[in-house]
Protein chains: 2
Amino acid sequence: MKKVFLRPLIVTLFLYFACISVAQDPLPSWNDTAPKKAIIAFVERVTKEGSPDFVAAPERIATFDNDGTLWSEKPVPFQLLFAFDRAKAVAPQHPEWKTKEPFASLLKGDMKGVAASGEKGVLEIVAATHTGMTTDEFAQTVQNWITTAKHPTTGRLYTEMVYQPMLELLAYLRVNGFKTFIVSGGGVEFMRPWTERVYGIPPEQVVGSAGKLKLEVRDGKPVLIKLPQVDLIDDKEGKPVGIQSRIGRRPIAAFGNSDGDLQMLQWATAGSGARFALFVHHDDAKREFAYDRADKLQQFDKGWDEAVAKGWTVVSMKDDWKTIYPPK
Amino acid sequence: MKKVFLRPLIVTLFLYFACISVAQDPLPSWNDTAPKKAIIAFVERVTKEGSPDFVAAPERIATFDNDGTLWSEKPVPFQLLFAFDRAKAVAPQHPEWKTKEPFASLLKGDMKGVAASGEKGVLEIVAATHTGMTTDEFAQTVQNWITTAKHPTTGRLYTEMVYQPMLELLAYLRVNGFKTFIVSGGGVEFMRPWTERVYGIPPEQVVGSAGKLKLEVRDGKPVLIKLPQVDLIDDKEGKPVGIQSRIGRRPIAAFGNSDGDLQMLQWATAGSGARFALFVHHDDAKREFAYDRADKLQQFDKGWDEAVAKGWTVVSMKDDWKTIYPPK
């Protein structure tokens, strides 16, 4: 056979394998840099039967922070923007707010005034908008807001500000027998109404901060009232507590983006056998936001140092991700 | 064709359909009485696509009480027997217990003396044996006990005192797309080490009473310490609270055996669409135990009345179950 006859065959074969390789790439929005390679190497190690690092499927628990890890968190965590919108919406039922801080500033649109009220003031707005109603009423309010409210600078729905590479990572882990959980400092009742639709994570796999609940009977039916007392602050030391109390298994892989996630990553990696820990580093001011050691709200400082010291994976959003958000 | 030729064919067909029918019975340890029929009718209604009662698979949440619903609970809930055994095992480290009630009575084998200390005394024994250690240490202790300790009257391992008909029910629901959860007044850390092996229910689907946890670093590794403060009493009004805080979805089917489960069944049935509620009635003194309205520890009184009034299913262990425990 002459070489000239071989050429079409070789081209065909090349295209065929190229297509296969494209079709099989489980993380197409990730550049072929170190983080993607580390993720795939870990998943292959723990799923290969007979390998010394094999982990049985039921033990393949992966936990993800939400704010800044699965979706954006600037200018402030989106739940706060929900709280501000809700306060404005219910203000007519609270005439006293016109002269009471931080509500007065909020209603005038004076966000500096709100900020001046400090953490205490902000928590007052959260308490006023997150407690006193039934869990069903609150879920409905969240549902209405999350499907209509738009981000102040991107103009996107908040659920359109989830990270496409992380959606692919969640799906890739699940295809490989992992059970994916959210373990977030955000409110559990704020996340559950939409995480299944947006992330494929059902309500029973969402762990978050929570207030106490009280059973009451209204119109002959039991309802659960959201109380202003704290049940769980699912941040920092609270994340391993949330994982143990709600999940009851130590994750073998954990994903975060700030010092608030450090204890979760420490907890996951302190178990025996193969472990994986990853921080998303927000270094992409052009396509998203850039903040780390100096940030007051979502500092990434101690976590970064520990990641470097322990060889954990740190994702540069700028260099390691082809895209940030899903196509609209 | 003469009739004589037909006979072998008819016999063959009869045997064929008889075999199919046996092979397809999903609840072989249940007699063909009303409860079995009600369970199967409900499952068929909610799983038949296009039916007005169809429920999408992710919403098929079923919650089960544990003590008295999935396994026996006499003479006292088995976790108490674990607590007594543990107190005896660690007594050498507590010389002061020799003269301190209720420990002194317990160590002398004087159970009347222990009972005389009342709920307060029993809770002291529970606190002394369930707190102060790490969650990993506690899980190991439970694992050792549950695989070796035997029930005082049956001589069985406690995990051999689970109800065979309920094991079949759990499997039947799961085959039909249900996610099965335990929602028990028992301790979550006491159940999780063995529920996956015994019931097929993984740790993350077990809700139970819980103490607070505290993250500490020991020998450079994070550990969670079990504290004596209460986090959740997952009984009565606490069951809907446990369901909402840990699962975040309202069950469409709920199973219990005593008044401690009534609020869970009310919560499940108060949702819209098809709902199922079932109480196991302990009326089989010969094969298990018989107790209901007059029982002080596990009363079945208000729940029974409400079940009758609302048409919920009440299982007579004597009449509706062919067997109680799995074959040894």
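Details of the structure are given in the entry above.
### Topic: the pairing of strand E2 (residues 179-187) of chain A
Residues and elements named next belong to chain A.
Here is step 1 of the chain: Of all nine residues that make up E2, eight are buried, and the element is covered over most of its length.
Here is step 2 of the chain: For E2 and strand E3 (residues 206-218), the ladder comprises four bridges, and the chain directions are parallel. Bridge pairing in E3 places Gly-187 opposite Ser-209.

### Concerning the environment of Lys-150 of chain B
Here is step 1 of the chain: For Lys-150 of chain B, the location among the structural elements is in the loop between helix H7 (135-146) and helix H8 (164-175).
Here is step 2 of the chain: Not counting the four nearest positions on each side in its chain, Lys-150 of chain B is found in contact with Gly-155, Arg-156, Leu-157 and Tyr-158 of chain B.

### Some points on helix H11 (residues 262-269) of chain A
Here is step 1 of the chain: In terms of residue burial, H11 of chain A counts as a mostly covered element, since six of its eight residues are buried.
Here is step 2 of the chain: Those residues of H11 of chain A that fall on the buried side of the exposure criterion are Leu-262, Gln-263, Met-264, Leu-265, Trp-267 and Ala-268 of chain A.

### So, the packing of H7 of chain B against helix H9 (residues 188-199) of chain B
All names here are of chain B.
Here is step 1 of the chain: Where H7 contacts H9, the two axes come as close as 8 Å, and the packing angle between them is 55°. In terms of orientation, H7 and H9 fall into the oblique class. The chirality of how H7 crosses H9 is right-handed. Seen from H7, the contacting residues are Thr-135, Phe-138, Ala-139, Val-142, Gln-143, Trp-145 and Ile-146; seen from H9, they are Glu-189, Phe-190, Pro-193, Trp-194 and Arg-197.
Here is step 2 of the chain: Across the contact of H7 with H9, the residue classes tally to eight nonpolar, two polar and two charged.

### Structural notes on the environment of Leu-213 of chain A
Here is step 1 of the chain: Tracing the chain through its elements places Leu-213 of chain A in strand E3.
Here is step 2 of the chain: Residues Leu-213 of chain A and Val-230 of chain A lie 17 residues apart in sequence; the distance between their C-alpha atoms is 9.5 Å.
Here is step 3 of the chain: Setting aside residues up to four positions removed in sequence, Leu-213 of chain A forms contacts with Thr-135, Glu-189, Leu-224, Ile-225, Lys-226 and Leu-227 of chain A together with Val-241, Gln-244 and Ser-245 of chain B.

### Some thoughts on the sheet that holds strand E6 (residues 276-281) of chain B
Here is step 1 of the chain: Strands sit in the order E4-E3-E2-E1-E5-E6-E7 (chain B) across an open sheet of seven strands; the sheet is mixed. Only two strands of the sheet have a single partner each, and these edge strands are strand E4 (221-232) and strand E7 (313-316) of chain B. Taking the axes of each pair of neighbouring strands and ignoring which way they run, one obtains an average angle of 30° across the sheet.
Here is step 2 of the chain: Its contacts with the sheet place H11 of chain A against strand E3 (206-218) and E4 of chain B, and it is angled at close to 110° to E4 of chain B.

### With respect to the packing of helix H2 (residues 34-47) of chain B against H8 of chain B
The geometry of a pair of packed helices is captured by two quantities: the angle between their axes and the separation between those axes.
All names here are of chain B.
Here is step 1 of the chain: Remark: H2 packs on H8, axes separated minimally by 11 Å, with the N-to-C direction vectors making an angle of 15°. As judged from the angle between their axes, H2 and H8 are roughly parallel. Read as a crossing pair, H2 and H8 show a hand that is right-handed. Contacts between H2 and H8 involve Ile-39, Ile-40 and Val-43 on the former and, on the latter, Leu-169, Tyr-172 and Leu-173.
Here is step 2 of the chain: Class assignment for the residues of the contact of H2 with H8 results in six nonpolar, no polar and no charged.

### Quick look at the relation of the copies chain A and chain B
Here is step 1 of the chain: Of the two same-sequence chains, chain A is brought onto chain B (RMSD 0.0 Å, axial shift 0.0 Å) by a rotation of 180°. Expressed as an axis order, the relation between the two copies is that of a two-fold axis. Scanning chain A for the C-alpha nearest the rotation axis identifies Arg-246 of chain A, at a separation of 2.9 Å.

### With respect to unusual backbone geometry
Here is step 1 of the chain: Cis geometry marks the peptide bond from Lys-74 of chain A to Pro-75 of chain A; its omega dihedral reads 10°.
Here is step 2 of the chain: Unusually for a residue other than glycine, Asp-219 of chain B sits at a positive phi of about 50°.
Here is step 3 of the chain: Positioned with a positive phi, Lys-236 of chain B is a non-glycine residue whose angle comes to about 50°.
Here is step 4 of the chain: Summarising the element assignment, Lys-236 of chain B is placed in the loop between E4 and helix H10 (238-247).
Here is step 5 of the chain: Here Lys-236 of chain B falls in the partly exposed class, since its relative accessible area comes to 39%.

Calculation notes
- Residues numbered from 1 in each chain as written.
- Chains lettered and ligands numbered in written order.
- Predicted model: local features only at pLDDT ≥ 70, side-chain atom pairs only at ≥ 80, totals over all residues.
- Heavy atoms only, no water.
- Buried < 20%, exposed > 50% of the residue type's maximum accessible area, 1.4 Å probe, protein only.
- Helix = DSSP H or I, 4+ residues; strand = E, 2+ residues; numbered from the N terminus.
- Pairing = 2+ DSSP bridges.
- Contact = heavy atoms within 4.5 Å.
- Axes fitted to C-alpha atoms, helices over the stretch in contact; angles between N-to-C directions.
- Parallel < 35°, antiparallel > 145°, perpendicular 65-115°, else oblique.
- Left-handed = near helix turned anticlockwise from the far one by under 90°.
- Nonpolar A, V, L, I, M, F, W, Y, C, P; charged D, E, K, R; others polar.
- Least-squares fit on C-alpha atoms with pLDDT ≥ 70 in both.

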